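# Understanding the architecture of this molecule
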Amino acid sequence: MIQYVSYKDETQLETIMSLIDQELSEPYSIFTYRYFITLWPDLCFMAFDGDNCVGTIVCKMGQHRNTFRGYIAMLVVIKPYRGKGIATELVTRCIQVMHDSGCDEVTLEAEVTNKGALALYGNLGFIRAKRLHRYYLNGVDAFRLKLLFPRPPDPNNLFGLAGVGHDVDHGHVHHDCTHHQHHEDQEQCAGNEHPHVGHTHHHPRWEGDNS
Ligand SMILES: CC(C)(COP(=O)(O)OP(=O)(O)OC[C@H]1O[C@@H](n2cnc3c(N)ncnc32)[C@H](O)[C@@H]1OP(=O)(O)O)[C@@H](O)C(=O)NCCC(=O)NCCS
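Residues numbered from 1 in each chain as written. Predicted model: local features only at pLDDT ≥ 70, side-chain atom pairs only at ≥ 80, totals over all residues. Heavy atoms only, no water.

Worth spelling out the cut-off: UniProt positions are given in the numbering used here, feature names are shortened, and annotations may be inferred rather than shown by experiment.
An unreviewed UniProt entry annotates the protein chain as N-acetyltransferase domain-containing protein originating from Sphagnum troendelagicum. Per UniProt, the protein chain carries the Sequence similarities (unreviewed entry) text "Belongs to the acetyltransferase family. MAK3 subfamily."

Spelled out as C-alpha coordinates, the structure:
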(Lines give C-alpha, C1' and ligand atoms only; values in the text may rest on other atoms or scores of the structure.)
Protein backbone atom coordinates (compact mmCIF):
# COMPACT_ATOMS: atom_id res chain seq x y z
CA MET A 1 0.00 0.00 0.00
CA ILE A 2 1.21 3.50 -0.82
CA GLN A 3 1.69 5.89 2.09
CA TYR A 4 1.59 9.65 1.56
CA VAL A 5 3.62 11.82 3.90
CA SER A 6 4.29 15.51 3.96
CA TYR A 7 7.83 16.80 4.09
CA LYS A 8 9.42 16.67 7.52
CA ASP A 9 13.07 17.69 7.41
CA GLU A 10 16.28 18.01 5.38
CA THR A 11 17.04 14.30 5.64
CA GLN A 12 14.41 13.82 2.93
CA LEU A 13 15.83 16.44 0.58
CA GLU A 14 18.36 14.12 -1.06
CA THR A 15 15.65 11.58 -1.90
CA ILE A 16 13.35 14.23 -3.34
CA MET A 17 16.14 15.74 -5.45
CA SER A 18 17.31 12.44 -6.88
CA LEU A 19 13.79 11.40 -7.83
CA ILE A 20 13.11 14.67 -9.63
CA ASP A 21 16.55 14.87 -11.27
CA GLN A 22 16.01 11.40 -12.76
CA GLU A 23 12.69 12.22 -14.36
CA LEU A 24 12.38 15.91 -15.26
CA SER A 25 14.14 17.47 -18.23
CA GLU A 26 14.91 20.72 -16.43
CA PRO A 27 17.97 20.79 -14.17
CA TYR A 28 17.33 22.33 -10.76
CA SER A 29 19.93 23.44 -8.24
CA ILE A 30 19.81 22.62 -4.56
CA PHE A 31 18.97 26.28 -3.94
CA THR A 32 15.81 25.93 -6.00
CA TYR A 33 14.78 22.85 -4.05
CA ARG A 34 15.52 24.56 -0.75
CA TYR A 35 13.62 27.67 -1.80
CA PHE A 36 10.45 25.72 -2.37
CA ILE A 37 10.70 23.07 0.31
CA THR A 38 11.87 25.13 3.26
CA LEU A 39 9.43 27.96 2.58
CA TRP A 40 6.43 25.70 1.82
CA PRO A 41 7.09 22.36 3.56
CA ASP A 42 3.36 21.68 3.79
CA LEU A 43 3.19 21.86 -0.01
CA CYS A 44 5.68 19.04 -0.50
CA PHE A 45 4.48 15.44 -0.31
CA MET A 46 6.18 12.10 -0.83
CA ALA A 47 4.63 8.75 -1.75
CA PHE A 48 6.23 5.67 -0.21
CA ASP A 49 5.99 1.97 -0.94
CA GLY A 50 7.53 0.67 2.28
CA ASP A 51 10.85 2.51 2.59
CA ASN A 52 11.00 3.28 -1.09
CA CYS A 53 10.02 6.79 -2.15
CA VAL A 54 8.17 6.36 -5.46
CA GLY A 55 6.79 9.84 -6.05
CA THR A 56 6.97 13.42 -4.92
CA ILE A 57 5.48 16.86 -5.49
CA VAL A 58 6.95 20.30 -4.75
CA CYS A 59 4.82 23.47 -4.76
CA LYS A 60 4.52 26.96 -3.39
CA MET A 61 1.89 29.65 -2.99
CA GLY A 62 1.78 33.41 -2.66
CA GLN A 63 0.37 36.66 -3.92
CA HIS A 64 0.58 37.09 -7.68
CA ARG A 65 -0.76 40.50 -8.67
CA ASN A 66 -4.39 40.47 -7.58
CA THR A 67 -4.68 36.76 -6.92
CA PHE A 68 -3.41 34.41 -4.26
CA ARG A 69 -1.94 31.66 -6.35
CA GLY A 70 -0.74 28.14 -5.78
CA TYR A 71 2.03 26.91 -8.08
CA ILE A 72 3.04 23.32 -8.75
CA ALA A 73 6.75 23.33 -9.46
CA MET A 74 7.69 19.65 -9.74
CA LEU A 75 5.83 16.35 -9.88
CA VAL A 76 7.32 12.92 -10.42
CA VAL A 77 6.28 9.29 -10.04
CA ILE A 78 8.86 6.63 -10.88
CA LYS A 79 8.08 4.44 -13.89
CA PRO A 80 7.11 1.13 -12.24
CA TYR A 81 4.50 2.95 -10.15
CA ARG A 82 2.83 5.01 -12.85
CA GLY A 83 -0.80 4.60 -13.83
CA LYS A 84 -1.92 3.80 -10.29
CA GLY A 85 -3.26 7.23 -9.36
CA ILE A 86 -0.23 8.23 -7.26
CA ALA A 87 0.37 11.55 -9.05
CA THR A 88 -3.32 12.34 -8.86
CA GLU A 89 -3.24 11.80 -5.10
CA LEU A 90 -0.10 13.94 -4.67
CA VAL A 91 -1.58 16.78 -6.72
CA THR A 92 -4.93 16.50 -4.95
CA ARG A 93 -3.30 16.81 -1.54
CA CYS A 94 -1.44 19.96 -2.56
CA ILE A 95 -4.51 21.47 -4.16
CA GLN A 96 -6.46 20.83 -0.97
CA VAL A 97 -3.86 22.69 1.12
CA MET A 98 -3.85 25.57 -1.39
CA HIS A 99 -7.63 25.75 -1.37
CA ASP A 100 -7.79 25.67 2.42
CA SER A 101 -5.12 28.40 2.57
CA GLY A 102 -7.28 30.73 0.49
CA CYS A 103 -5.76 30.37 -2.96
CA ASP A 104 -7.89 31.63 -5.84
CA GLU A 105 -6.18 29.47 -8.41
CA VAL A 106 -3.41 26.96 -9.04
CA THR A 107 -1.01 27.13 -11.99
CA LEU A 108 1.87 25.18 -13.45
CA GLU A 109 3.67 24.68 -16.73
CA ALA A 110 3.93 21.42 -18.63
CA GLU A 111 5.69 20.57 -21.88
CA VAL A 112 3.22 20.58 -24.77
CA THR A 113 4.49 17.10 -25.59
CA ASN A 114 3.84 15.69 -22.10
CA LYS A 115 0.62 13.84 -22.84
CA GLY A 116 0.55 12.08 -19.47
CA ALA A 117 0.82 15.26 -17.43
CA LEU A 118 -1.65 17.13 -19.65
CA ALA A 119 -4.19 14.33 -19.30
CA LEU A 120 -3.67 14.09 -15.56
CA TYR A 121 -4.17 17.82 -14.96
CA GLY A 122 -7.04 17.93 -17.45
CA ASN A 123 -8.81 15.26 -15.43
CA LEU A 124 -8.40 17.40 -12.33
CA GLY A 125 -10.07 20.40 -13.97
CA PHE A 126 -7.06 22.41 -15.16
CA ILE A 127 -7.47 24.39 -18.37
CA ARG A 128 -4.79 25.48 -20.84
CA ALA A 129 -4.46 29.20 -20.18
CA LYS A 130 -1.53 30.03 -22.44
CA ARG A 131 1.17 28.58 -24.67
CA LEU A 132 4.71 29.69 -23.81
CA HIS A 133 7.13 29.65 -26.71
CA ARG A 134 10.38 27.66 -26.13
CA TYR A 135 9.79 27.83 -22.41
CA TYR A 136 12.10 25.01 -21.45
CA LEU A 137 15.86 24.86 -21.80
CA ASN A 138 15.39 21.95 -24.22
CA GLY A 139 13.52 24.31 -26.56
CA VAL A 140 10.10 22.75 -26.07
CA ASP A 141 7.01 24.97 -25.69
CA ALA A 142 4.94 24.83 -22.52
CA PHE A 143 1.30 25.13 -21.72
CA ARG A 144 0.47 27.14 -18.65
CA LEU A 145 -2.28 25.19 -16.96
CA LYS A 146 -4.66 26.78 -14.53
CA LEU A 147 -7.24 25.57 -12.05
CA LEU A 148 -9.69 28.18 -10.78
CA PHE A 149 -11.43 27.60 -7.48
CA PRO A 150 -15.09 28.46 -7.35
CA ARG A 151 -15.71 31.40 -5.03
CA PRO A 152 -18.95 32.91 -3.74
CA PRO A 153 -20.07 36.01 -5.67
CA ASP A 154 -18.75 39.30 -4.34
CA PRO A 155 -21.77 41.28 -3.04
CA ASN A 156 -19.93 44.55 -3.79
CA ASN A 157 -19.47 43.58 -7.38
CA LEU A 158 -22.66 42.03 -8.57
CA PHE A 159 -21.77 42.43 -12.22
CA GLY A 160 -18.60 40.42 -11.85
CA LEU A 161 -16.45 43.19 -13.32
CA ALA A 162 -13.44 42.78 -11.06
CA GLY A 163 -10.30 42.24 -13.02
CA VAL A 164 -11.78 43.13 -16.40
CA GLY A 165 -9.02 44.42 -18.65
CA HIS A 166 -6.48 43.03 -16.28
CA ASP A 167 -4.52 40.10 -17.58
CA VAL A 168 -3.00 38.39 -14.60
CA ASP A 169 -0.65 36.44 -16.82
CA HIS A 170 1.34 39.44 -17.95
CA GLY A 171 2.90 40.16 -14.62
CA HIS A 172 6.44 41.30 -14.10
CA VAL A 173 6.45 41.05 -10.36
CA HIS A 174 7.55 37.82 -8.85
CA HIS A 175 10.11 36.45 -6.50
CA ASP A 176 10.88 33.09 -7.97
CA CYS A 177 14.28 31.75 -8.70
CA THR A 178 13.83 28.95 -11.19
CA HIS A 179 14.54 29.08 -14.90
CA HIS A 180 10.84 29.03 -15.35
CA GLN A 181 10.17 32.23 -13.59
CA HIS A 182 13.13 33.85 -15.24
CA HIS A 183 11.47 33.04 -18.52
CA GLU A 184 8.21 34.36 -17.22
CA ASP A 185 9.50 37.92 -17.24
CA GLN A 186 10.52 37.69 -20.86
CA GLU A 187 7.93 35.34 -22.13
CA GLN A 188 6.53 35.75 -25.58
CA CYS A 189 2.84 35.62 -25.08
CA ALA A 190 1.39 33.46 -27.79
CA GLY A 191 -1.99 34.91 -27.04
CA ASN A 192 -4.63 33.38 -24.89
CA GLU A 193 -5.59 30.14 -26.42
CA HIS A 194 -9.16 29.10 -26.44
CA PRO A 195 -9.37 27.59 -23.02
CA HIS A 196 -9.36 23.88 -23.57
CA VAL A 197 -11.70 22.45 -21.04
CA GLY A 198 -10.17 19.04 -21.01
CA HIS A 199 -11.62 17.79 -17.79
CA THR A 200 -14.14 15.06 -17.77
CA HIS A 201 -14.53 14.84 -14.05
CA HIS A 202 -13.83 17.13 -11.13
CA HIS A 203 -12.44 16.44 -7.77
CA PRO A 204 -15.21 16.37 -5.21
CA ARG A 205 -13.01 17.45 -2.33
CA TRP A 206 -12.85 21.05 -3.45
CA GLU A 207 -15.42 21.35 -6.19
CA GLY A 208 -18.40 23.36 -5.13
CA ASP A 209 -16.87 24.12 -1.79
CA ASN A 210 -17.14 27.86 -1.62
CA SER A 211 -15.95 28.23 1.92
C1 LIG B 1 3.07 12.57 -15.30
C2 LIG B 1 3.24 11.59 -14.12
C3 LIG B 1 3.58 12.40 -12.87
C4 LIG B 1 1.92 10.82 -13.94
O5 LIG B 1 2.04 9.99 -12.80
P6 LIG B 1 1.00 8.78 -12.51
O7 LIG B 1 1.11 8.42 -11.08
O8 LIG B 1 1.23 7.70 -13.51
O9 LIG B 1 -0.39 9.47 -12.82
P10 LIG B 1 -1.82 8.92 -12.41
O11 LIG B 1 -1.76 7.43 -12.27
O12 LIG B 1 -2.32 9.68 -11.25
O13 LIG B 1 -2.63 9.28 -13.72
C14 LIG B 1 -3.85 9.94 -13.67
C15 LIG B 1 -4.37 10.15 -15.06
O16 LIG B 1 -3.46 10.88 -15.86
C17 LIG B 1 -3.47 10.39 -17.20
N18 LIG B 1 -2.17 9.84 -17.52
C19 LIG B 1 -1.13 9.66 -16.69
N20 LIG B 1 -0.06 9.19 -17.39
C21 LIG B 1 -0.46 9.10 -18.67
C22 LIG B 1 0.19 8.70 -19.89
N23 LIG B 1 1.47 8.32 -19.90
N24 LIG B 1 -0.52 8.76 -21.04
C25 LIG B 1 -1.80 9.17 -21.05
N26 LIG B 1 -2.48 9.55 -19.92
C27 LIG B 1 -1.81 9.51 -18.77
C28 LIG B 1 -4.53 9.36 -17.26
O29 LIG B 1 -5.72 10.01 -17.65
C30 LIG B 1 -4.61 8.89 -15.84
O31 LIG B 1 -5.87 8.43 -15.50
P32 LIG B 1 -6.27 6.89 -15.80
O33 LIG B 1 -5.14 6.06 -15.26
O34 LIG B 1 -7.54 6.76 -15.04
O35 LIG B 1 -6.40 6.80 -17.28
C36 LIG B 1 4.38 10.56 -14.41
O37 LIG B 1 4.16 9.98 -15.66
C38 LIG B 1 5.76 11.15 -14.37
O39 LIG B 1 6.40 11.22 -13.32
N40 LIG B 1 6.29 11.59 -15.54
C41 LIG B 1 7.61 12.17 -15.62
C42 LIG B 1 7.68 13.52 -14.93
C43 LIG B 1 6.63 14.50 -15.43
O44 LIG B 1 6.34 14.55 -16.62
N45 LIG B 1 6.06 15.29 -14.50
C46 LIG B 1 5.02 16.27 -14.80
C47 LIG B 1 5.66 17.53 -15.18
S48 LIG B 1 4.41 18.77 -15.56
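So, next bit.
## Quick word on the site of the ligand
We count it as follows: When at least one non-hydrogen atom of a residue lies within 4 Å of a molecule or strand, that residue is treated as near it. Between N or O atoms, a polar contact is any pair within 3.5 Å; within protein, one atom must be a potential hydrogen donor and the other a potential acceptor, and residues adjacent in sequence are included only when both atoms are from side chains. Accessible surface is estimated by sampling points in the Shrake-Rupley manner with a 1.4 Å probe; for residues, cover comes only from the protein chains shown. Segments assigned H or I by DSSP are reported as helices when at least four residues long, segments assigned E as strands when at least two residues long, and all are numbered from the N terminus. Amino acids are sorted into nonpolar (Ala, Val, Leu, Ile, Met, Phe, Trp, Tyr, Cys and Pro), charged (Asp, Glu, Lys and Arg) and polar (every other residue, Gly among them).
Near the ligand lie 19 residues; those nearest to it are L75, G83, G85, T88 and N114. With respect to the ligand, the side chain of N123 contributes an N or O atom lying 3.0 Å from an oxygen atom. Taking 910 Å² as the accessible area of the ligand by itself, protein coverage stands at 67%. When contributions to the shell around the ligand are tallied by element, the ones reaching two or more residues are strand 4 (67-77), helix 3 (86-100), strand 5 (105-111) and helix 4 (115-123). The dominant element in the shell around the ligand, judged by the number of residues it contributes, is helix 4, at five residues. Looking at the shell around the ligand, its residues break down into 10 nonpolar, six polar and three charged.

## Looking at the packing of helix 1 (residues 13-23) against helix 2 (residues 30-39)
Definition in use: Axis angles are defined between N-to-C directions and span 0 to 180 degrees, where every axis is a line fitted to C-alpha atoms and, for a helix, only to the segment in contact. Roughly parallel means an angle under 35 degrees; roughly antiparallel, over 145; roughly perpendicular, 65 to 115; everything else is oblique. Each crossing is labelled by how the near helix is turned from the far one, with a counterclockwise turn of less than a right angle marking it left-handed and a clockwise turn marking it right-handed. The contact criterion used is simple: two residues touch if any of their non-hydrogen atoms lie within 4.5 Å.
The N-to-C vectors of helix 1 and helix 2 enclose an angle of 120°; their axes lie 11 Å apart at closest approach. By the angle class used here, helix 1 and helix 2 are oblique. As helix 1 packs across helix 2, the resulting crossing turns out to be right-handed. Every residue of helix 2 that contacts helix 1 at L13, I16, M17, I20 and D21 is listed here: I30, Y33, R34 and I37. Broken down by class, the residue content of the contact of helix 1 with helix 2 amounts to seven nonpolar, no polar and two charged.

## Quick look at the environment of F45
With respect to the helices and strands, F45 occurs in strand 2 (residues 44-49). In this structure the C-alpha to C-alpha distance between F45 and Y4, which are 41 residues apart in sequence, comes to 6.7 Å. Not counting residues up to four positions away in its chain, the partners in contact with F45 are V5, S6, G55, T56, I57, L90, R93, C94 and V97.

## What about the layout of surface pockets?
Stated precisely, the cut-off is as follows: A pocket here means an open set of points on a 1 Å grid, computed over the protein atoms alone, that has protein on both sides within 12 Å along at least five of seven lines. A cavity is instead a set of points where a 1.4 Å probe fits but cannot get out; residues with an atom within 4 Å of a point line either one. Grid points are joined across faces, edges and corners, and a volume is the space filled by probe spheres set on the points.
Volume-wise, the second largest pocket comes out at about 680 Å³. Forming the walls of the second largest pocket are 31 residues, and the residues nearest its centre are L24, L75, V76, N114 and A117. Within the residue set of the lining of the second largest pocket, elements represented by two or more residues are strand 4, helix 3, strand 5 and helix 4. Take the lining of the second largest pocket: its biggest share by element is seven residues, from strand 4.

## Notes on the packing of aromatic side chains
The relation between two aromatic rings is expressed through the spacing of the ring centres and the mutual angle of the planes. Our working rule: Each pair of aromatic rings taken from Phe, Tyr and Trp, with Trp reduced to its six-membered ring, is defined by centres within 6.5 Å and is described as stacked if the planes are under 30 degrees apart, edge-to-face if over 60, and tilted in the remaining cases. Between buried and exposed lies partly exposed: a residue is buried under 20% and exposed over 50% of the maximum accessible area for its type, with that area taken using a 1.4 Å probe on protein chains only.
Enumeration according to the criterion identifies five aromatic pairs in this entry. Here Y121 and F126 contribute two aromatic rings whose centre-to-centre distance is 5.0 Å and whose plane-to-plane angle is 75°, an arrangement assigned as edge-to-face. Accessibility assignment for this pair places Y121 and F126 in one class, buried. With 5.0 Å between their ring centres and 90° between their planes, Y135 and Y136 make a pair best called edge-to-face. Each member of the pair Y135 and Y136 is classed as buried.

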